[in-house]
Amino acid sequence: MSSHDPLLAESANTTSSPLSAADVTADRVKELLRSNEELMQLNAKLSDAQDKLMQSEKMASIGQLAAGVAHEINNPIGFIFSNFGTLERYLGDLFQMLAAYEEAEPALAGTPAAARLRALREKIELDFLKEDIPSLMAESKDGITRVRNIVQNLKDFSRVDTSQKWVLADLHHGIDSTLNIVNNEIKYKAEVVKAYGELPDIECLPSELNQVFMNLLVNAAHAIQADRGVITISTGADDSRVWVEIQDTGEGIAKENLGRIFDPFFTTKAVGKGTGLGLSLSYGIVKKHFGSIDVFSEQGVGTRFRVTLPIQHPQEV
Ligand SMILES: Nc1ncnc2c1ncn2[C@@H]1O[C@H](COP(=O)(O)OP(=O)(O)O)[C@@H](O)[C@H]1O
Ligand SMILES: [Mg+2]
């Protein structure tokens, strides 16, 4: 009997039947099978976690890539925008000049120059051009302005142009630029209602808080299964703290899940849709800001997340 196996050793001591050793071996085998099963489950969980980590890693690099591209686009967009202004002025001048020529035209009546002008005017459809050019310019300017805003929002969002520093910042500005970034996720699902109060600037890492708002907004949009819902963003402050609430009319959170939603990798979404990291990251960011994040939810009615942050960090003692 191998003395290093307490199970077998013990049973050998307490019983004299030769069958019992076989029974014990069967038990042992069962136990081994069970722990093997456990190991396999653990292994599956690990590889699942690894998949999710890779997914989030990918998302992080996509974010960085987007920020980098925004940075690169910013410069050409800048000069296109400013050239456009100049071009608009020049065009105005040219139109003025053209009007002056047209006024002087009757003096040319009967000359070959007058016939040439008339032919050219018809060929290039001058009247149409005079109407179409300003509207083309306006449309293009609108397009460039939109691209410029997207780039600005991306830059604000990721703060690529500033290093991670604690600064005093306006949360409404952060929420608005985040809203523009996630607009695509939201606009087909929900109306966004802003109920902003008065907010003082607060001591924060703006791009990190933007991540929190983004996670809450995207989760809210994901929760809306009905045709269309409403996402309400409300803010307010007292003497020492500010709060931001993001409320949706989505499916709500099951009671048994409420305690787990901040756990890393907890998700009820399909693979590829959710990583289960959004809320756990948000929780970490809010904690780092000495704040708190609370959730109120009713299934079938909706969910409200409330982020409370101090205006200034507590003084260390
Ligand atoms: N606004 C919400 N409405 C309903 N469920 C939510 C909401 N926000 C979060 N949840 C639940 O919490 C889980 C974890 O959220 P999160 O950490 O952002 O991960 P993910 O969105 O990738 O699933 C979600 O899968 C979902 O079940
Ligand atoms: Mg999420």
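Preceding block: the structure.
Residues numbered from 1 in each chain as written. Chains lettered and ligands numbered in written order. Predicted model: local features only at pLDDT ≥ 70, side-chain atom pairs only at ≥ 80, totals over all residues. Heavy atoms only, no water.

### Regarding helix 6 (residues 206-223)
- Under the 1.5 Å per step criterion, the end-to-end length of helix 6 is 26 Å for 18 residues, consistent within 8% with the ideal 26 Å.
- Counting buried residues along helix 6, 16 of its 18 residues qualify, which places the element largely inside the surrounding structure. (Helix = DSSP H or I, 4+ residues; strand = E, 2+ residues; numbered from the N terminus. Expected span 1.5 Å × (residues − 1). Buried < 20%, exposed > 50% of the residue type's maximum accessible area, 1.4 Å probe, protein only.)

### Remarks on the nonpolar core
- Among the nonpolar cores identified, the biggest contains 37 residues, and Leu 171, Ile 231 and Ile 246 are the most heavily contacted of them.
- For this core, the secondary-structure elements that each account for two or more residues are helix 5 (171-186), strand 3 (202-204), helix 6, strand 4 (229-237), strand 5 (241-248), helix 8 (278-288) and strand 7 (302-310).
- Apart from the residues within four sequence positions on either side, Ile 231 is in contact with Ile 186, Ala 190, Glu 191, Val 192, Val 193, Leu 217, Ala 220, Ala 221, Ile 224, Ile 246, Gln 247 and Asp 248. (Core = buried A, V, L, I, M, F, W, Y, C linked by side-chain atoms within 4.5 Å. Contact = heavy atoms within 4.5 Å.)

### What to know about the site of ligand 1
- The local shell around ligand 1 holds 19 residues, among which Thr 267, Thr 268, Lys 269, Thr 275 and Leu 279 are the closest.
- Interatomic distance of 2.8 Å between a side-chain N/O atom of Asn 219 and an oxygen atom of ligand 1.
- One nitrogen or oxygen atom from the side chain of Thr 267 is found 2.5 Å from an oxygen atom belonging to ligand 1.
- Relative to its unbound accessible surface of 530 Å², ligand 1 loses 94% to contact with the protein.
- Taken together, the elements giving at least two residues each to the shell around ligand 1 come down to helix 6, helix 8 and strand 7. (Near = heavy atom within 4 Å. Polar contact = N/O pair within 3.5 Å; in protein donor to acceptor, adjacent residues only side chain to side chain. Areas by Shrake-Rupley, 256 points an atom, 1.4 Å probe, with all protein chains shown as cover.)

### Points about the environment of Ala 67
- Among the structural elements, Ala 67 can be located in helix 2 (residues 18-104).
- Here Ala 67 falls in the buried class, since its relative accessible area comes to 4%.
- Separated by 86 residues in sequence, Ala 67 and Asn 153 place their C-alpha atoms 9.9 Å apart.

### Some words on the packing of aromatic side chains
- This model, assessed by the stated rule, comprises two aromatic pairs.
- An angle of 50° between the planes, with centres 5.5 Å apart, marks the rings of Phe 262 and Tyr 283 as tilted. One end of the pair, Phe 262, is in the loop between helix 7 (255-258) and helix 8; the other, Tyr 283, is in helix 8, with 21 residues separating them in the sequence.
- Judged by its relative accessible area of 35%, Tyr 283 falls in the partly exposed class.
- According to the relative accessible area criterion, Phe 262 is buried, its value standing at 19%.
- Among the aromatic residues, ring-to-ring pairing joins Phe 262, Tyr 283 and Phe 305 into one connected group.
- Cation over ring: Arg 148 sits above Phe 81, and NZ or CZ is 3.8 Å from the ring centre. (Phe/Tyr/Trp six-rings, centres within 6.5 Å; stacked < 30°, edge-to-face > 60°. Lys NZ or Arg CZ within 6 Å of the ring centre and 35° of its normal.)

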